[in-house]
Amino acid sequence: MRKLFFLLSFLGMSCPGFPASAQTPMAQPSPRPAETPLTSFPYTPGLDPGAMDRSADPCVDFYRFACGGWIKNHPIPPDESRWSVYGKLARENQRFLWGILDGLARSTAGRSATQQKIGDYFAACMDEAAVEKSGVRPLKRHLDRINGMKAKRDLPAVLARLHLATGSSGPFFGFGSNQDLADSTSVIAFAGSGGLGLPDRDFYTQDDGKSKEIRARYVAHVGRMFELLGDSSDAAKREAAKVMEIETALAGASLTRTQRRDPYKLFHKMDAGGLKTLTPGFDWGVYLKAAGLSRLNAFNVTEPEFYKELDRQWRSLGLGDIKTYLRWHVVHVTAPFLSSAFVNEDFDFFAKTLYGVAELRPRWKRCVTWVDAQLGEALGEEYVSRAFSPELKRRTLRMTKQIEQAMHDDIIGLEWMSAATRQMALEKLHAVVNKIGYPDKWRDYRSVDVRRDDFFGNVERASLFESRRKLGKIGKPLDRGEWTMTPPTVNAYYNAQMNDINFAAGVLQPPLYDPKMDDAPNYGNTGGTIGHELTHGFDDEGRQFDARGNLKDWWTEKDAREFNDRAQCIVDQYAQYTIVDEIKINSKLTEGEDIADLGGLVLAWTAWQAETAGARTESRDGFTPEQRFFVGYAQWACENNRPEDLRARALTDAHSPGKYRVNGLVVNMPEFERAFSCRAGQPMVRENRCRVW
Ligand SMILES: [Zn+2]
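Residues numbered from 1 in each chain as written. Predicted model: local features only at pLDDT ≥ 70, side-chain atom pairs only at ≥ 80, totals over all residues. Heavy atoms only, no water.

Q: How should helix α18 (residues 419-431) be read in this particular structure?
A: Side chains of residues three or four places apart in an α-helix project in the same direction, reflecting 3.6 residues per turn. In this model, α18 (13 residues) spans 18 Å end to end at C-alpha, consistent with the 18 Å of a helix rising 1.5 Å per residue. Among all positions of α18, only Thr421, Arg422, Ala425, Leu426, Lys428 and Leu429 are buried. Along α18, the residues classed as buried sweep out an arc of 160° about the axis, all on the same side. Opposite the buried face of α18, at more than 90 degrees from it, the exposed residues are Ala419, Gln423 and His430. Of the surrounding elements, those touching the buried residues of α18 are α17 (390-413), β7 (492-495), α20 (519-536) and α21 (557-574). (Helix = DSSP H or I, 4+ residues; strand = E, 2+ residues; numbered from the N terminus. Expected span 1.5 Å × (residues − 1). Buried < 20%, exposed > 50% of the residue type's maximum accessible area, 1.4 Å probe, protein only. Arc of directions from axis to C-beta. Contact = heavy atoms within 4.5 Å.)

Structure follows, in structure tokens:
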């Protein structure tokens, strides 16, 4: 499930394994064959016997049985922090998009207006010599504005401009738009926490040796970035320490990821007067005016305690310290788009130290990622026309409706749910909107000026377009057709306030959905994903929203208790699993995903049974259809991770590692025990099974 609000800044500066360096292709020591653009996808079957390890006993370690071969044969590429079936497909998508963009960059004749934008964006991005030559110059305008501040009262206007230019969760706080939690038809301003350089507030607060080491290396990195801006080594050290001090204070006042899973904790609606009382030291009138917003009088302040701390900071910090902090954040968010000195330094900490990545991604890959991040629906239009047929859309939509029918039947048959809650649950289920592949109406990028010779300018103008687009939604009728994921993305999401499930075209491709394959692995794999997203509407977080997407309790007290008891079974189960070294799963953080995994596969099983009733006899590759259903499921989750990546994800990722998304799930399904003739007492057979949906 996507976050309710404040996804990472769409520039994705602190994304896990965010691509970094601007190393030239020639300088790259490459013992591997160089990657080339793809004109069609390499076919990987939806169930691959070669990816299995048949020497493993499925009743002892099903993940190894289904994925052992894949794990052995797919070492992590040096420019990745982890490698997975999803990641591999995403990279193949990128190579396919590379081919499209390369073509549109080279031949400028006959391009549509949209093709001109993505072709020229890509061409400018790939012109590494020009980027290298521009050095730190593109930042000058921002740095001048910061340095030109005469007093603290200049902060709101400067900050508004920075937020517009760099995305929403920027320096000091995040500001954007979102549906009102109490009235999903109304879009209002949201002021959220933010202001950190590290990927999560927990990085600042944890007390173990590794966390302290990462913090020390972070401060060193911040210092080196100041040096790249031209500061002396002594000054840079002092400045980095000050940045750390400010960010630590902000982190301490921020809610944890687990706390943020409770939507009531993030709902504090107030008018302009309330906002002023909360932060008397900050002139919101000036900020809003500079952000192009006037006469706003409804704000949701997601974390009021954070804003109280912010106000304390603004009062106590000197003007010089505020400038230091802002200079760091400007160079931090823009580093990947600058010359190689910045790119390499950014890579060194944010990819190598944090996630264990050995090599930076080649330029083409970073450029494809940025076109997708900034002009994603223009690129998506090209992708869909080549890679997502109406037939594929029809088939996957049909499967979605079957899974919904399975959930309908499931809810009807639930013994623990009262008639009153059941009626509301069914109403919510029937109101879910299915969005398959891509939006009905493409985003209009006509107003974004893209120039072939101005990469940094393109990045800024596209950022500005996106910031203004988001803020422009405030007070306007809600657009229910909007997507927050681009079509080539290998992922899916449920949005509780829209009450819709969204499957990007990229996730409906082999080996995840394989039109050449029989039903069993397809229902196990894509059916499981559809069921997963649908279950998010009914997990610990999603269940708190009603059919219209409003935060509203529609459960009887007893039914809520029954639900919580069942959810607690899953929380207790996953809390036992080790991620790496001494770190266990934070199962309060992964609760929603773990519930969705189990509910999703249960629903997929039911839908598959209904689809193939009486016609499920044929074994293939020595496996019964029931066994193929489960192997098909497991084979989406095969993965290899670097230990650094696992550590960072333990704090930031709401999903359990692949191994437990498979083994932790099948132990709860008697259908699995029967399919593989497992015996009581074996590791994949659990005595007290969990089951929510
Ligand atoms: Zn999910």
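Q: Is there a simple way to explain unusual backbone geometry in this structure?
A: Across the chain, the bulk of peptide bonds are trans and the bulk of non-glycine residues have phi less than zero. The omega torsion of the bond from Pro510 to Pro511 falls at 5°, within 30 degrees of zero and hence cis. Within the secondary structure, Pro511 sits in the loop between β8 (500-504) and α20. Located in the positive-phi region is Arg295, a residue other than glycine, with phi close to 55°. Tracing the sequence through the fold places Arg295 in the loop between α11 (284-290) and β5 (299-301). Its identity as a non-glycine residue notwithstanding, Asn499 has a phi of 50°, on the positive side.

Q: I would appreciate a short explanation of the pairing of β7 in the present structure.
A: Both faces of the sheet carry side chains from a regular strand, because those side chains alternate between them. Neither face of β7 is open: one carries Ala492 and Tyr494, the other Tyr493 and Asn495, and all of them are buried. Taken together, the four bridges between β7 and β8 define a ladder with antiparallel strand orientation. Residue pairing for β8: Tyr494 is matched across the bridge by Ile501. (Pairing = 2+ DSSP bridges.)

Q: Explain the sheet that holds strand β3 (residues 187-192) here, please?
A: Pairing between the strands of a sheet is mediated by backbone hydrogen bonds and can be parallel or antiparallel. Pairing in this open sheet of four strands is mixed, and the strands run β2-β3-β5-β4 from one edge to the other. Each edge of the open sheet carries a strand with a single partner, namely β2 (174-179) and β4 (269-270). Summarising the sheet, β4 and β5 pair through two bridges and their orientation is antiparallel. Bridging from a neighbouring strand, Met270 pairs with Phe299 of β5. Each of β2, β3 and β5 touches helix α12 (residues 304-316); the most contacted strand, β3, lies at about 55° to it. (Axes fitted to C-alpha atoms, helices over the stretch in contact; angles between N-to-C directions.)

Q: Teacher, can you tell me more about the packing of helix α15 (residues 363-374) against helix α19 (residues 455-471) here?
A: Any two packed helices are characterised by the angle at which their axes cross and by the distance between the axes. The geometry of α15 relative to α19 is characterised by a closest axis approach of 10 Å and an angle of 30° between their N-to-C directions. Here α19 runs roughly parallel to α15, going by the angle between their axes. Crossing geometry of α15 relative to α19 is assigned as left-handed. Where α15 abuts α19, its residues Arg363, Trp370 and Gln374 lie against Phe455, Asn458, Val459, Ala462 and Ser463. (Parallel < 35°, antiparallel > 145°, perpendicular 65-115°, else oblique. Left-handed = near helix turned anticlockwise from the far one by under 90°.)

Q: Is there a simple way to think about the pairing of β3 in this case?
A: Among the six residues that make up β3, six are buried, leaving the element largely enclosed by the rest of the structure. Taken together, the six bridges between β2 and β3 define a ladder with antiparallel strand orientation. Of the residues in β3, the one forming a bridge with Phe175 is Ala191. Across three bridges, β3 lies against β5 in parallel orientation. Across the sheet, Phe190 pairs through a bridge with Asn300, a residue of β5.

Q: What's the story with the side chain of Asp500 in this structure? I'm lost.
A: Tracing the chain through its elements places Asp500 in strand β8. Under the relative-accessibility criterion, Asp500 is labelled buried at 2%. In terms of polar contacts, Asp500 uses its side chain to reach the side chain of Asn502, at 2.9 Å. (Polar contact = N/O pair within 3.5 Å; in protein donor to acceptor, adjacent residues only side chain to side chain.)

Q: Could you clarify how one ought to interpret the sheet that holds β8 in this entry?
A: Here we have three strands laid out as an open sheet, ordered β6-β8-β7, and mixed in their pairing. Of all strands in the sheet, those bounded by a partner on one side alone are β6 (433-437) and β7. Geometrically, the sheet is characterised by an average inter-axis angle of 10° between neighbouring strands, direction not taken into account.

Q: Explain the environment of Ser193 here, please?
A: Inspection of the secondary structure puts Ser193 in the loop between β3 and α7 (202-205). For the pair Ser193 and Gly599, spaced 406 residues apart in sequence, the C-alpha to C-alpha distance is 32 Å. Within the structure, Ser193 has its side chain in polar contact with the side chain of Glu303 (distance 3.0 Å).

Q: How should I be thinking about the state of the cysteines in this particular structure?
A: By the definition in use, this model includes four disulfides. Across the disulfide, Cys59 is cross-linked to Cys678 (sulfur-sulfur distance 2.1 Å). As the torsion about the S-S bond is roughly -80°, the Cys59-Cys678 disulfide counts as left-handed. Taken together, the residues Cys59 in the segment before α1 (62-73) and Cys678 in the segment after α26 (670-675) connect sequence positions 619 residues apart. For the residue pair Cys59 and Cys678, the accessibility class agrees, reading buried in each case. Bridging Cys125 to Cys367, the disulfide has an S-S length of 2.1 Å. A torsion of -85° about the S-S bond marks the disulfide between Cys125 and Cys367 as left-handed. Of this pair, Cys125 sits in helix α3 (residues 113-126) while Cys367 sits in helix α15, and the two are 242 residues apart along the sequence. Comparing Cys125 with Cys367 shows no difference in burial state: the two are buried. The disulfide pattern of the protein chain is 1-7, 2-6, 3-4, 5-8 when the bonded cysteines are numbered in sequence order. (Disulfide = S-S within 2.5 Å.)

Q: It is not clear to me how the coordination of the zinc ion should be interpreted in this structure. Could you clarify?
A: Octahedral six-donor coordination of a metal ideally yields angles of 90 or 180 degrees, compared with 109.5 degrees for tetrahedral four-donor coordination. At the metal site, the zinc ion is ligated by His532 (NE2), His536 (NE2) and Glu593 (OE), and these contacts range over 2.0 to 2.1 Å. Donor residues for the zinc ion sit on one chain with the sequence pattern H-x3-H-x56-E. Taken together, the positions of His532 in helix α20 and Glu593 in helix α22 (residues 591-611) put the pair 61 residues apart, joining distant regions of the chain. Of the two residues, His532 and Glu593, both sit in the buried class. (Donors = N, O, S within 2.8 Å, 3.2 Å for Na, K, Ca; no water.)

Q: Quick question: what am I supposed to make of the nonpolar core here?
A: Nonpolar side chains tend toward joint burial in soluble globular proteins. Within the largest apolar cluster, 203 residues are counted, with the highest numbers of intra-cluster contacts made by Phe62, Phe172, Phe173, Phe175, Leu326, Phe630 and Trp693. The leading source of residues in this core is helix α2 (residues 85-106), at ten residues. (Core = buried A, V, L, I, M, F, W, Y, C linked by side-chain atoms within 4.5 Å.)

Q: Explain helix α25 (residues 658-666) here, please?
A: Along α25, eight of the nine residues are buried, which leaves the element largely enclosed by surrounding structure. Those residues of α25 lying buried are Gly658, Tyr660, Arg661, Val662, Asn663, Gly664, Leu665 and Val666.

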